[in-house]
Amino acid sequence: MDYVISILPALLSGVQMTLAVFAITLLGAIPLGMIVAVGLLYRGKNPLAVAGKGLLDGYIWLFRGTPLLLQLIFVFYGLPLVHIVFDRFSAVIFTFILNYAAYFAEIYRGGFGAIEEGQFEAASVLNLTRWQTLRYVVIPQVLKVVLPSMGNEVINLVKDSSLVYVIGLGDLLRAGEVATARDVTLVPLVLVALLYLIMTLVLTLLQRRVEKAFSYYK
Amino acid sequence: MLELKNITKKFGDQTVLAGVDVTIADQKTLAIVGPSGAGKTTLLRIIAGLTPADSGEMIWNGKATTAAKMRQAGLIGVVFQGFELFPNLTVRRNLTLAPTLQGATQAAATAQADQLLAELDLSAQADAYPFSLSGGQKQRVAIARALALKPQILLYDEPTSALDPNLRQSVADLINSVKAQGMTQVVVTHDMDFAQAVADETLTVAKLGGGEA
Ligand SMILES: Nc1ncnc2c1ncn2[C@@H]1O[C@H](COP(=O)(O)OP(=O)(O)OP(=O)(O)O)[C@@H](O)[C@H]1O
Ligand SMILES: [Mg+2]
């Protein structure tokens, strides 16, 4: 027990890093993914719109089609070669937001597909603008539809945040590994697992709350 | 008066409308009838500006216009076959959303909505969400939502089809009471008895092309 108490501060400071990566990534990726998904919705046929859509599709393909780990390494070690230099934490945030926004955009895209064309038509005969239609009618319905899939991704994010170790940042998992290597015991890693479980439990409960908050209509 | 002249529409190489003329007289109800697949819904959607015609003219009170212009001027309201209420909004908010976004104050829009809801016997449902309404109630909300924008012409696609058959007479009464308030209406239906009960005039759309039954 004394041992547990002695390593806990190190683990908890690792938790801080994990939570920081988690929270900032969500704050950036949830709206960015929506912007990308809305962009993909645009059906314009002019060359600019087509090129823009190609770009968005390419972005999603790139970030969903390669491991997050690899993306982190490229951003932190590769981009400096073309004189784009990030500090460690910024590199993590930049990469995580782009990566998760790509996944969220795909989820939202599916959500938009689940909204019947009639809703768009009803809004258009009521003379709502494109933006008003999205803001008041479609996006609220999309958010409800995507909640379960978003919940999965959010829990993945907690675990993915452990990847920051590759560029030398100390998160929860890293703190546990350090203690395990130093003290030759698995106890720290058991504690790490418990801390992850607590975080994902809190998130699961939170997800239920949010789903309930959205259950006032069907 | 809204006139459509020589409207044509093809889907691929299937001609659905080959030079249809429509005259919609003020404060009358026009029924558009015809067999399934004849193009009644297509014609209604053309009037509403939801489907572009391939060719033809549209004349509003003697002046050339387009469906898009009619809609932008707020002249056309639509009651969809499936009603298309916004499920995420209360009944009252379904009515006030468009007016408030188009400049009405919240107070004025709410007062108007509550009055429409009272007239359509929906006061008790004002704070409910659409999923909890009966089919007939949903339809009345859809009518109220369209009326809240004070259109000149109200279009209905198959207003009896999504409802219990014994509600047919009350839908006819409703459409007739909206007419009594001075509304011009176009009702698409394949139900001849229903058309009789509401129509001042009837336009029959013939099915072209043969082939499928
Ligand atoms: N978006 C579309 N794309 C291709 N074909 C279409 C489309 N909309 C309608 N059609 C075809 O046009 C024809 C007329 O359809 P429409 O829905 O206008 O008929 P309707 O008279 O309303 O029939 P119903 O009484 O069954 O509602 C049908 O053959 C239909 O398959
Ligand atoms: Mg039809």
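Residues numbered from 1 in each chain as written. Chains lettered and ligands numbered in written order. Predicted model: local features only at pLDDT ≥ 70, side-chain atom pairs only at ≥ 80, totals over all residues. Heavy atoms only, no water.

## Notes on the overall build of chain A
Thought 1: Within chain A one finds eight helices and zero strands.
Thought 2: Along chain A, from the amino end to the carboxyl end, the secondary structure elements read α-α-α-α-α-α-α-α.
Thought 3: For the C-alpha atoms alone, the extent of chain A along its principal axes is close to 70 × 50 × 20 Å.
Thought 4: In chain A, which carries 16 positive and 13 negative side-chain charges, the distance between the mean positions of the two groups comes to 7 Å. (Helix = DSSP H or I, 4+ residues; strand = E, 2+ residues; numbered from the N terminus. Lys, Arg positive; Asp, Glu negative; His and termini not counted. Charge placed at Lys NZ, Arg CZ, Asp CG, Glu CD.)

## So, the pairing of strand β8 (residues 184-188) of chain B
Residues and elements named next belong to chain B.
Thought 1: Burial within β8 is extensive, with five of its five residues counted as buried.
Thought 2: The alternating pattern of β8 places Thr-184, Val-186 and Val-188 and Gln-185 and Val-187 on opposite faces, both of which are buried.
Thought 3: Across four bridges, strand β3 (residues 29-33) lies against β8 in parallel orientation. Paired with Ala-31 across the bridge in β8 is Val-187.
Thought 4: When strand β7 (residues 153-157) meets β8, the two strands line up parallel, connected through five bridges. Each bridged residue has a counterpart across the sheet, and for Leu-154 the counterpart in β8 is Gln-185.
Thought 5: Of the crossover connections in this fold, the one passing from β7 over helix α6 (residues 168-180) to the parallel β8 is right-handed. (Buried < 20%, exposed > 50% of the residue type's maximum accessible area, 1.4 Å probe, protein only. Pairing = 2+ DSSP bridges. Right-handed = clockwise from strand over helix to strand, strands pointing away.)

## Quick notes on the confidence of the model for chain B
Thought 1: Residues at a pLDDT of 70 or more form 98% of chain B, whose mean pLDDT is 95.
Thought 2: Both scores are given for the predicted complex: the pTM is 0.90, the ipTM 0.93. (pLDDT = per-residue confidence, 0-100.)

## Considerations on the interface of chain A and chain B
Thought 1: Residue-level contacts link 19 residues of chain A with 22 residues of chain B.
Thought 2: In total, chain A and chain B occlude about 2,000 Å² of area from one another, counting both sides; carbon and sulfur atoms represent 61% of this.
Thought 3: Considering only the side of chain A, the residues that lose the most area to chain B are Val125(A), Leu126(A) and Asn127(A), jointly responsible for 30% of the buried surface there.
Thought 4: Where chain A touches chain B, the interface holds one salt bridge.
Thought 5: For the interface between chain A and chain B, the tally reads eight residue pairs in polar contact (both at pLDDT 80 or more).
Thought 6: Within the residue set of the side of chain A that touches chain B, elements represented by two or more residues are α5 (117-125) and α6 (130-160) of chain A.
Thought 7: With seven residues, α5(A) is the largest single contributor of residues to the side of chain A that touches chain B. (Contact = heavy atoms within 4.5 Å. Buried area = accessible area lost by both parts, 1.4 Å probe. Salt bridge = Lys/Arg side-chain N within 4 Å of Asp/Glu carboxyl O. Polar contact = N/O pair within 3.5 Å; in protein donor to acceptor, adjacent residues only side chain to side chain.)

## A look at a nonpolar patch on the surface
Thought 1: On the surface, a nonpolar cluster with roughly 410 Å² of combined accessible area is contributed by Leu186(A), Val190(A), Leu194(A) and Leu197(A).
Thought 2: Tracing the backbone through its elements, the reader meets Leu186(A) in the loop between α7 (172-183) and α8 (187-213). (Patch = residues over 30% accessible without salt bridge, like charges linked within 9 Å, V, L, I, M, F, W, Y side chains within 5 Å. Areas by Shrake-Rupley, 256 points an atom, 1.4 Å probe, with all protein chains shown as cover.)

## Considering helix α4 (residues 88-114) of chain A
Thought 1: Compared with the 39 Å implied by 1.5 Å per residue over 27 residues, the 39 Å span of α4(A) between its first and last C-alpha is a close match.
Thought 2: Capping of α4(A) at its N-terminal end is provided by Asp87(A); its side-chain oxygen lies 3.1 Å from the backbone amide nitrogen of Phe89(A). (Expected span 1.5 Å × (residues − 1).)

## Side note on the packing of helix α2 (residues 47-65) of chain A against α4(A)
Residues and elements named next belong to chain A.
Thought 1: Close contact between α2 and α4 brings their axes to 9 Å; oriented N to C, the two are set at 115 degrees. On the basis of their axis angle, the class for α2 and α4 is roughly perpendicular. In this structure, α2 meets α4 at a crossing whose hand is left-handed. Across the interface between the two elements, Asp-57, Tyr-59, Ile-60, Phe-63 and Arg-64 of α2 pack against Thr-95, Leu-98, Asn-99, Ala-101, Ala-102, Tyr-103, Ala-105, Glu-106 and Arg-109 of α4. (Axes fitted to C-alpha atoms, helices over the stretch in contact; angles between N-to-C directions. Parallel < 35°, antiparallel > 145°, perpendicular 65-115°, else oblique. Left-handed = near helix turned anticlockwise from the far one by under 90°.)

## A closer look at the site of ligand 1
Residues and elements named next belong to chain B.
Thought 1: Ligand 1 sits among 13 residues. The nearest are Ser-36, Gly-37, Lys-40, Thr-41 and Thr-42.
Thought 2: Between Gln-14 and ligand 1, the recorded distance is 2.9 Å, taken from a side-chain N or O atom to an oxygen atom.
Thought 3: Backbone polar atom of Gly-39 to an oxygen atom of ligand 1: 2.9 Å apart, as the coordinates give it.
Thought 4: About the coverage of ligand 1: the protein hides 60% of its 630 Å² of free accessible area.
Thought 5: Considering only residue class, the shell around ligand 1 consists of four nonpolar, six polar and three charged. (Near = heavy atom within 4 Å. Nonpolar A, V, L, I, M, F, W, Y, C, P; charged D, E, K, R; others polar.)

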